[in-house]
Amino acid sequence: MRKFTVFNIVLLLVFSFTKTLSAQIVIGTPSLGFSQACASDSFNTYNVTFSFSPVSGLNATNQFIIELSDGSGSFSSPTIVYTSAQGAVTTTPATLTFSLPNTTAGESFKVRIKSTSPAATSTGSVSFAAYYKIQDEPFTINNLVSTGAFCAGGSYLLSIDNPGVGSNDSPLQYPSLTFNWYKETGPTTSVFVAAGPSLSVTEAGTYFVETNYGSCTSNSYSNRVTVSEAGTGTEASINSSLGNPFCASDGDTTLSTIQGDNYQWYLNGAVIVGATNATYSANEAGTYAVTVDIGNCVTNGSIDLDNGGFSSSIDVSETNILDFVATVTTDALNPVFEWYFNDIIISSATANSYEVTEAGNYRVVVNQTSGCISSTEFVFAATEPYPDVADIPNVISPNGDGINDTWIIPQEYVNGTNTEVIILSSRGEMVLKTNSYQNNWPENEIKFKEVNPVYYYIITPENKKIRKGSLTLIK
């Protein structure tokens, strides 16, 4: 039987202690290479650095693991976000790279480092906000209708569209996401109202919702909706999908109003038969109005819709005395002008003005040739100057012979002088009343029931020096 001396026992203890030390390492608290982790499909790479000792304590099969806590910093059920290959990390300090799971959302995450051979675990890192922005683009609410209304004592429901109109990427398709609603308090400020996929509004204001990515900034937010209380004087607004003015050459524009139970649309005050939906497809200019029944009350809205795409004006009236220059003013883009005389185009007239020297009917067409391709036109007439007679005649012979057929009065009383001309029959019946007399009475044939019928005139110029007299018609 072998005998152990005191020396043998001490040597065995020293060997055993040395072997135990070689089987242990200490891992320091990891240092983060970021202050917050705002991951997305386009970026999800984060670095963490740590030290360990002794280096000689690592076994050849060792692996380092990065564990991620829950959003409150607890490692009771950690998530492994990185595992190194066996023996891949042999120097200290070491830097490892990891990515976040796409369900990550919280303000107080931590990471820690573990080794497998020998087994060791570091303390947790400092806390950091971490979110995976699985949806990171604008989305729609209220079907993109920018207004809403509720009756006094009622409410208006705003909700995230799912799927919504067009290519809307509704965040409701991602069950892990949560949402925060806000009310605007100024041009660039807002206040948190509530959380959830919808909001019951009981206070007038402008509202929007954002996907809850905490302190991480994102593009996952909705359009604004302005909600009013019906009966407070605020009308239901009407939006035109192609803007106002809209370009008629682009097709119809869709008019939309606030959501309600029933609708009726009008054009220029007349009911549009069958137009009883929240939207109406319009292709002509005019004043559109809508009545919206929102339950316990009714509200109205209107819009003056222009389908020209530009505005123009002309500085002449419908009838004008030669000679004059007609000038068109327009904000059309790259305008082209076409002038017509008695419906025949004047090929040499391409400017915005034209000197009129011949009596007849004129027309000018203004064409916008860039942007919204559209046109508008103006019609006017030019007449010969009125005869310059000295006195007011009291006899005419409307027999069609071309001589003294109409009542020709001095130029100071004719069209353009704002003189009121009244002609009465012998029985006191008014047969003419005008402020733009054109030396053209009678325009129609008068049947002579009497040998020489007598009429009476009253001429009232701007200076109020009234002229009165009789006028006898002879064959």
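Our structure's up above, just so we're on the same page.
We now turn to the structure provided with this report. (Residues numbered from 1 in each chain as written. Predicted model: local features only at pLDDT ≥ 70, side-chain atom pairs only at ≥ 80, totals over all residues. Heavy atoms only, no water.)

### Quick word on the overall build of the chain
Then step 1. Helix and strand counts for the chain come out as one helix and 39 strands.
Then step 2. Here the C-alpha atoms of the chain give a radius of gyration of 44 Å, more than 25% beyond the 23 Å that 2.2 N^0.38 yields for 475 residues.
Then step 3. Seen through its C-alpha atoms, the chain measures out along the principal axes to roughly 170 × 55 × 40 Å.
Then step 4. Residues counted as buried form 38% of the 475 residues belonging to the chain.
Then step 5. For the chain, the share of sequence-separated contacts (at least 6 apart) that also reach a separation of at least 24 residues comes to 57%. (Helix = DSSP H or I, 4+ residues; strand = E, 2+ residues; numbered from the N terminus. Rg over C-alpha atoms; globule rule 2.2 N^0.38 Å. Buried < 20%, exposed > 50% of the residue type's maximum accessible area, 1.4 Å probe, protein only. Contact = heavy atoms within 4.5 Å.)

### Comments concerning the state of the cysteines
Then step 1. Under the counting rule described, the total for this entry stands at three disulfides.
Then step 2. With its sulfur 2.0 Å from that of its partner, Cys38 forms a disulfide with Cys216. For the disulfide bridge between Cys38 and Cys216, the dihedral angle about the S-S bond is near -85°, and by the sign convention the bridge is left-handed. Of the two residues, Cys38 sits in strand 3 (residues 36-39) while Cys216 sits in the loop between strand 18 (205-211) and strand 19 (225-229), which places them 178 residues apart along the sequence.
Then step 3. What makes Cys216 buried here is its relative accessible area of 6%.
Then step 4. Within the chain, bonded cysteines paired by disulfides and numbered along the sequence follow the pattern 1-3, 2-5, 4-6. (Disulfide = S-S within 2.5 Å.)

### Concerning the pattern of salt bridges
Then step 1. A complete count under the given rule lists nine salt bridges for this structure.
Then step 2. Its salt-bridge partner being Glu67, residue Arg112 comes within 2.7 Å of it at the nearest N-O pair. Highlighted residues: Arg112 in strand 10 (residues 111-116) and Glu67 in strand 6 (residues 64-68), separated in sequence by 45 residues. You'll find Arg112 and Glu67 in the same group, each marked buried.
Then step 3. In this structure, the salt-bridge partner of Arg427 is Glu429, at a minimum N-O distance of 3.7 Å.
Then step 4. One salt-bridge network, held together by shared partners, links Glu67, Arg112 and Lys114. (Salt bridge = Lys/Arg side-chain N within 4 Å of Asp/Glu carboxyl O.)

### Here's the deal with the pairing of strand 14 (residues 156-159)
Then step 1. Going residue by residue along strand 14, you find Tyr156 and Leu158 tucked away on one face and Leu157 and Ser159 left uncovered on the opposite face.
Then step 2. In this sheet, strand 17 (residues 198-201) lies alongside strand 14 in antiparallel orientation, the contact comprising four bridges. Paired with Ser159 across the two strands is Ser198, which belongs to strand 17. (Pairing = 2+ DSSP bridges.)

### Focus: the environment of Thr90
Then step 1. Considering the arrangement of structural elements, one finds Thr90 in the loop between strand 7 (79-83) and strand 8 (94-98).
Then step 2. Along the sequence, Thr90 and Tyr213 sit 123 residues apart, while their C-alpha atoms lie 37 Å from each other.
Then step 3. Excluding residues within four positions of it along the chain, Thr90 makes contact with Phe52, Val55 and Leu58.

### Concerning the sheet that holds strand 34 (residues 374-383)
Then step 1. The mixed open sheet is built from five strands, whose spatial order is 28-34-33-30-31. The open sheet has two edge strands, strand 28 (319-321) and strand 31 (344-345), and neither has a second partner.
Then step 2. Pairing of strand 30 (residues 335-341) with strand 31, which is carried by two bridges, proceeds in the antiparallel orientation. In the sheet register, Tyr340 faces strand 31, and the bridge partner there is Ile345.

### Some details on the sheet that holds strand 3
As a general point, the strands of a sheet are linked pairwise by backbone hydrogen bonds and lie either parallel or antiparallel.
Then step 1. Within the open sheet, the three strands sit side by side as 3-12-9. Their pairing is mixed. Lying at the two open borders of the sheet, with one neighbouring strand each, are strand 3 and strand 9 (105-109). On average, each strand axis in the sheet is tilted by 15° relative to the strand beside it, whichever way the strands run.
Then step 2. Direction of pairing for strand 3 relative to strand 12 (residues 128-132): parallel, over a ladder of four bridges. Each residue of the ladder has a partner; that of Ala39, found in strand 12, is Tyr132. (Axes fitted to C-alpha atoms, helices over the stretch in contact; angles between N-to-C directions.)

### Points about the packing of aromatic side chains
Then step 1. For the structure on display, the rule yields 22 aromatic pairs.
Then step 2. On the numbers, 5.2 Å between centres and 45° between planes, the contact of Phe52 with Phe64 is tilted. You can see Phe52 sitting in strand 5 (residues 52-53) and its partner Phe64 sitting in strand 6, a full twelve residues away along the chain. Just as Phe52 is buried, Phe64 falls in that class too.
Then step 3. Consider the rings of Phe109 and Phe128, whose centres lie 6.5 Å apart with planes at 35°: the pair is tilted. (Phe/Tyr/Trp six-rings, centres within 6.5 Å; stacked < 30°, edge-to-face > 60°.)

### A look at the environment of Asn361
Then step 1. Considering the arrangement of structural elements, one finds Asn361 in strand 33 (residues 360-368).
Then step 2. For Asn361 and Ala149, which are 212 residues apart along the polypeptide, the C-alpha to C-alpha distance reads 52 Å.
Then step 3. What Asn361 contacts, discounting residues up to four positions off in sequence, is Tyr340, Phe341, Asn342, Phe380 and Ala381.

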